[in-house]
Amino acid sequence: MPVGAPIIRLEDVRKSFGAVRALQGVDLACHPGECIGLVGHNGAGKSTLMNLLAGVFGAEGRMLIDGIESAGPHTIATAKANGIRCVFQELSLCPNLTVAENARVMHRALSGFGWRGRAGRLIVEQLDQVFPNHGIGPGDIVGDLPIARRQMVEIARAFTVTDAPARLVILDEPTSSLDAHLASQLLAYVRRFVAEGGCVVLISHLLGEILAAADRVIVMKDGRVVAERPAAEFTRTSLVAAMGTVAHEEAGTRDMAAGRRQGAPRIRARARTGGNELVAHRGEIVGLAGLGGQGQSEMLIRIFDAARHRAPGITVEGGSALVAGDRQTDGVFPLWSIAENITITSLKRLRSGILIDRDKTDAMADDWRSRIGIRTPDMHNPILSLSGGNQQKALFARALGSTAETVLMDDPMRGVDIGTKQEVYGMIRAEAERGRTFLWYTTEMDELKHCDHVYVFRDHRIVADLTRGELTEERVLHASFEDVA
Ligand SMILES: Nc1ncnc2c1ncn2[C@@H]1O[C@H](COP(=O)(O)OP(=O)(O)OP(=O)(O)O)[C@@H](O)[C@H]1O
């Protein structure tokens, strides 16, 4: 619970990006010794608010640090000097540098003779604290690490102390690429950090995480704070209601007949190291589960490639589309508009003669804007003008809007708000009933319940195949740690 004066206080802050009013008069105080949970729909203004705290850009309104309004502008440097750190949704590590070198990029104090060794020791010690048994070395090249490990390095780097203290750490969707085990390690560390007098702002669409880790919860909607209460006074249902989303019952009631195995398999694939074969039929939703980094994403990418070129050990009938989990490196075309990002895989259908028909592409983009709720005044805006969750929705629109018979989804709901998730689950079910096949890697147990059956991966092999009736969290965990027939 809060102790002492706020580290930072914002009063009536406002921020617009062109026609978009991202913040419309927000008050916020961050005290030592508390974890603030910040929730709200995609595009509600959460990241914008955090960017203000971190000094990325300025805004109208007042800002006080330790009770004092600063004379000059609040910049990244003043934020850092005051112990304000931020882990952004889109990771900011340099991929061609090592883990130790990336620690140095943020901590200029690590200079002089032997800096590399010191930087390496410091970041590994911090990783040990947050993620025991992390398996990351100081000399690892960041670009070679899977996304979960990159996220772990980024988080550890934010908590590392050199010349300036870490007083307020902002974590924007920090567990989006972490499996349940790593996420619980992080949340436990957050509790230790606030118990020692630090402050954490935790942004997450996983409401269970917010309710478990936060002392106080702030709900944002359309650039405003619409609710603020101690976490203990919220339940999952009341939190969803405060966000302005209608809470649907879990929609795991797909007609079993729709998921029955029809005809010959559409996909047959073996993992590189053998194990059971993955088989998927027309109209099936097949889950890929297990701890993160056990070969699930690799399997999806190999199947995606095999649909274009022959690949040993894999047969795929028809085309496939991929919804990337790592949108920064595999998904978004950063220089293109939202409309171009959505229509890129459907251009054959959008031609008139030899030219791309602009009216057809605009119509397709607008159709998806309303179907999946992409928040933008203009679909010709650059994709990077969208909030993180809205970028992810555009990737969904690209895959679902294509004519591919198989849709491969690599932990695709990263950063997507709870209301949209429910809409997308409905779309997936409807498309499967029309005969599409879905392969769905997810780290969220609740999402596996939408699958007809689930393959559990361990050490790059399939170690279990659970039908929907057999699916329980215990079974998935058991198979994740031990070989099961
Ligand atoms: N650089 C930018 N240029 C134009 N518009 C922007 C920019 N950054 C944010 N916006 C807009 O401001 C609004 C708030 O975005 P913000 O990223 O703060 O939302 P968010 O609550 O963090 O959403 P998410 O849950 O999807 O991450 C959105 O409508 C977004 O499109």
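How each quantity is defined
- Residues numbered from 1 in each chain as written.
- Predicted model: local features only at pLDDT ≥ 70, side-chain atom pairs only at ≥ 80, totals over all residues.
- Heavy atoms only, no water.
- Helix = DSSP H or I, 4+ residues; strand = E, 2+ residues; numbered from the N terminus.
- Rg over C-alpha atoms; globule rule 2.2 N^0.38 Å.
- Buried < 20%, exposed > 50% of the residue type's maximum accessible area, 1.4 Å probe, protein only.
- Contact = heavy atoms within 4.5 Å.
- Areas by Shrake-Rupley, 256 points an atom, 1.4 Å probe, with all protein chains shown as cover.
- Near = heavy atom within 4 Å.
- Polar contact = N/O pair within 3.5 Å; in protein donor to acceptor, adjacent residues only side chain to side chain.
- Nonpolar A, V, L, I, M, F, W, Y, C, P; charged D, E, K, R; others polar.
- Pairing = 2+ DSSP bridges.
- Axes fitted to C-alpha atoms, helices over the stretch in contact; angles between N-to-C directions.
- Phe/Tyr/Trp six-rings, centres within 6.5 Å; stacked < 30°, edge-to-face > 60°.
- Lys NZ or Arg CZ within 6 Å of the ring centre and 35° of its normal.
- Core = buried A, V, L, I, M, F, W, Y, C linked by side-chain atoms within 4.5 Å.
- Lys, Arg positive; Asp, Glu negative; His and termini not counted.
- Salt bridge = Lys/Arg side-chain N within 4 Å of Asp/Glu carboxyl O.
- Expected span 1.5 Å × (residues − 1).
- Arc of directions from axis to C-beta.
- Domains from an automatic or database assignment.
- Buried area = accessible area lost by both parts, 1.4 Å probe.
- Patch = residues over 30% accessible without salt bridge, like charges linked within 9 Å, V, L, I, M, F, W, Y side chains within 5 Å.

Moving on, we get to the overall build of the protein. Scanning the protein from terminus to terminus reveals 16 helices and 21 strands. For the protein, the C-alpha radius of gyration of 23 Å lies close to 23 Å, the compact-globule estimate for 485 residues. Viewed in the frame of its principal axes, the protein has a C-alpha envelope of about 70 × 50 × 45 Å. Burial status across the protein gives 54% buried among its 485 residues. Taking as baseline every contact in the protein between residues at least 6 positions apart, the subset at least 24 positions apart corresponds to 68%. Surface accessibility of the protein: about 20,700 Å² in total, with carbon and sulfur atoms responsible for 53%.

What follows deals with the site of the ligand. In the region of the ligand, 19 residues are neighbours, and Gly43, Lys46, Ser47, Thr48 and Ser387 sit closest. The side chain of Lys46 places a nitrogen or oxygen atom 2.8 Å from an oxygen atom of the ligand. Thr48 places a polar side-chain atom, nitrogen or oxygen, 2.6 Å from an oxygen atom of the ligand. Within the complex, the protein chains bury 83% of what would otherwise be the 640 Å² of accessible surface of the ligand. Secondary structure elements with two or more residues in the shell around the ligand: strand S2 (20-30), helix H1 (46-53) and helix H13 (388-400). Classifying every residue of the shell around the ligand gives five nonpolar, 13 polar and one charged.

Read across the open sheet, the six strands follow the order S6-S7-S8-S3-S9-S10; overall the sheet is mixed. The sheet terminates laterally at strand S6 (84-87) and strand S10 (224-230), the two strands that pair on one side only. Neighbour-to-neighbour, the strand axes of the sheet open up by a mean angle of 15°, direction not taken into account. The pairing of strand S7 (residues 168-172) with strand S8 (residues 199-203) spans five bridges and is parallel. Residue Asp172 lies in a different strand from S8, and its bridge partner there is Ile203. Its contacts with the sheet place helix H6 (residues 180-195) against strand S3 (34-40), S7 and S8, and it is angled at close to 150° to S8.

So, about the packing of aromatic side chains. Scanning the model with the defined rule gives six aromatic pairs in all. Here Phe159 and Tyr189 contribute two aromatic rings whose centre-to-centre distance is 5.0 Å and whose plane-to-plane angle is 85°, an arrangement assigned as edge-to-face. Of this pair, Phe159 sits in helix H5 (residues 147-159) while Tyr189 sits in helix H6, placing them 30 residues apart in sequence. With relative accessibility at 3%, the residue Phe159 sits in the buried group. Tyr189 gets classed as buried once you look at its relative accessible area, which sits at 8%. Feature note: the residues Phe159, Tyr189 and Phe193 constitute an aromatic cluster, connected by ring pairs. When the ring centre of Phe304 is taken as origin, the NZ or CZ atom of Arg308, which lies over that ring, is 3.9 Å away.

This part is about the nonpolar core. Counting 51 residues, the largest nonpolar core has Phe131, Val200, Val217 and Val219 as its most contacted members. Not counting the four nearest positions on each side in its chain, Val200 is found in contact with Glu34, Cys35, Ile36, Phe159, Val169, Leu171, Val190, Phe193 and Val194. Core analysis: the next-biggest nonpolar cluster, separate from the first, contains 44 residues, Ile374, Leu395, Phe396 and Ala397 among them.

So, about the side chain of Arg302. Of note, Arg302 is situated in helix H9 (residues 296-306). No salt bridge is formed by the buried Arg302. Its closest oppositely charged neighbour is Glu298, at 4.7 Å. Contacts of Arg302, omitting those with residues within four sequence positions, involve Arg270, Ala271, Arg272, Pro312 and Ile314.

Compared with an ideal rise of 1.5 Å per residue, which puts 15 residues at 21 Å, helix H12 (residues 358-372) spans 21 Å between its outermost C-alpha atoms and is within 8% of the ideal. Buried within H12 we find Thr361, Met364, Ala365, Trp368 and Ile372. The buried residues of H12 occupy an angular sector of 95° when the element is viewed end-on, so they sit on one face. Turned more than 90 degrees from where H12 packs its buried face, Asp359 and Ser370 sit exposed. The secondary structure elements touched by the buried residues of H12 are helix H11 (338-343), strand S17 (355-356), H13 and helix H14 (418-433). Looking one or two residues beyond H12, the residue adopting positive phi is Gly373, at roughly 70°.

What follows deals with the domain arrangement of the protein. Domain annotation for the protein reports domain 1 (8-243) and domain 2 (265-481). The distance between the C-alpha centroids of domain 1 and domain 2 comes to 28 Å. On the domain 2 side, the residues contacting the 23 residues of domain 1 number 24 residues. Considering only the side of domain 1, the residues that lose the most area to domain 2 are Asn42, Glu90 and Asp179, jointly responsible for 30% of the buried surface there. For the pair domain 1 and domain 2, the interface holds one salt bridge. Summed over the shared surface of domain 1 and domain 2, the number is five residue pairs in polar contact (both at pLDDT 80 or more). Taken together, the elements giving at least two residues each to the side of domain 1 that touches domain 2 come down to H5 and helix H8 (236-242). Looking at side-chain class alone, the side of domain 1 that touches domain 2 contains eight nonpolar, nine polar and six charged residues.

We now examine a nonpolar patch on the surface. Taken together, the side chains of Phe333, Leu335 and Trp336 make up a nonpolar region of the molecular surface, amounting to roughly 340 Å² of accessible area. Position of Phe333 relative to the elements: it lies in the loop between helix H10 (327-331) and H11.

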